[in-house]
Every structure is written in structure tokens, then in C-alpha cells.
Amino acid sequence: MIEIKKAENRSDYEIIENLATEILHEVYDPIIPAEHTKYFLTEFQSVNAIGNQIENENFSYFLLNFDTKNVGYLGIQKLNEKLILSKLYILESFRGLKIGKTALEYVNGFATDNGFEKIELIVNQQNKNTINIYQKNGFKIVESIVNSFPNGHSVEDYKMEKILIMK
């Protein structure tokens, strides 16, 4: 059974940090330098970074559970009229079990229930499988962008969005 649980305390943030460390190296080390993955983990997916995002940047994080095991997480940010899908990561051994689809359905419901007009996300251009999954779930590539980081690394990303039909 797939469950989505809101991350509400330091213990939950620690679980997310541990999941991020495992998942992000597996996903990104083949396409970006490992030192940038480490930078990304420290700056955006550490316990302190997650807490700061929740407290100061209008983020919410959720743990993804499969048969009571923590197997992934998602992060969303409320930003004006749009909802940003900031993170959606699942352990490799649990992909293909409809966890990502369930998480995207959850995000769609959250966005609709809260009156957002669209969901937006950024995805690395080399992450073809993930791009295909987002496209199958109604997201469209709207822009090609280069994201530069203070550590001197840059990545080529796509901005994708899904326009929501308001009820």
C-alpha cells in the first residue's frame, strides 16, 4: 500500500536527508559531477535546509511509503498562483510500483484543492526517463534554462508545467 505522510519534525527531515543522499547520488552522479550532487544535498536536502525551507520559504515535504517503508519523498512550494513541484524522488528498487504516479496525483489534488492554476517543475535535460514520466502525466516543456549555482557548477534544465482546469 502506498501512503503519503506530511513531514512534520526533525526526525522526518532526517529520513528525507538519508533518502536524498542515497537517491540523488544514484540519479545525478552519472550526469553531473559528484561534488555538485554533494553541494546540492548540503544546500537543499540537509535537515537544516529542509527545516529552513518549511519555515521560511513556504515549502511542504512529504514522505512516500510503500508497505510502511520510507521509499521516497516529495517537496512542494506554494508560490503565488502556481505550485512548484520542487522534489520527487523514489528509491531505485521501488520505481515502477506506481508510487510516483500516486505522488503526482496527490500533488494535482493538493494544487486543485488550494486553487492553484498550474504546477511547475524543473528537471535536468539529461534525465530522459523522468521527463517522459512528467509528460505522460500532463506536463509540457515550456522553456530550456541553464541554472548556475554558487559553487560554480551549471546544469541545463527544462522548465515544465501543467495547467490545471479550475472547478
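Structure's up top.
Residues numbered from 1 in each chain as written. Predicted model: local features only at pLDDT ≥ 70, side-chain atom pairs only at ≥ 80, totals over all residues. Heavy atoms only, no water.

Visitor: Hey, could you run me through unusual backbone geometry in this one?
Guide: Leave glycine aside and you will find that most residues have negative phi; peptide bonds, for their part, are mostly trans. Within the chain, N58 stands out as a residue other than glycine whose phi angle is a positive 65 degrees. On the secondary structure map, N58 appears in the loop between α3 (47–56) and β2 (59–66). Despite not being glycine, T68 shows a phi value in the positive range, around 70 degrees. Mapping T68 onto the fold places it in the loop between β2 and β3 (69–79). A relative accessible area of 71% places T68 in the exposed class. (Helix = DSSP H or I, 4+ residues; strand = E, 2+ residues; numbered from the N terminus. Buried < 20%, exposed > 50% of the residue type's maximum accessible area, 1.4 Å probe, protein only.)

Visitor: Please explain the pattern of salt bridges as it appears in this structure.
Guide: Oppositely charged side chains are able to pair whenever their charged atoms sit close together. Under the definition given, this model contains 8 salt bridges. Of the charged contacts, one joins K5 and D12 as a salt bridge, the two residues approaching to 3.0 Å between their closest N and O atoms. Residue D12 is classed as buried on the basis of its relative accessible area of 5%. The shortest N-O distance in the salt bridge between K118 and E120 comes to 4.0 Å. The exposure classification of K118 matches that of E120, with both residues buried. Members of the salt-bridge network, linked through shared partners, are K82, K118, E120 and E161. (Salt bridge = Lys/Arg side-chain N within 4 Å of Asp/Glu carboxyl O.)

Visitor: In this structure, what is going on with the pairing of β3? I would like to understand it.
Guide: For a regular strand, side-chain orientation follows a simple rule: the groups alternate between the two sheet faces. Of the strand pairs in this sheet, β2 and β3 are connected by 8 bridges, and their pairing is antiparallel. Of the residues in β3, the one forming a bridge with Y61 is G75. Here β2 folds back onto β3, and the loop between the two strands holds 2 residues, one of which, D67, carries a positive phi near 50 degrees. When β3 meets strand β4 (residues 82–90), the two strands line up antiparallel, connected through 8 bridges. (Pairing = 2+ DSSP bridges.)

Functional significance is not addressed by these values, which are geometric in nature.
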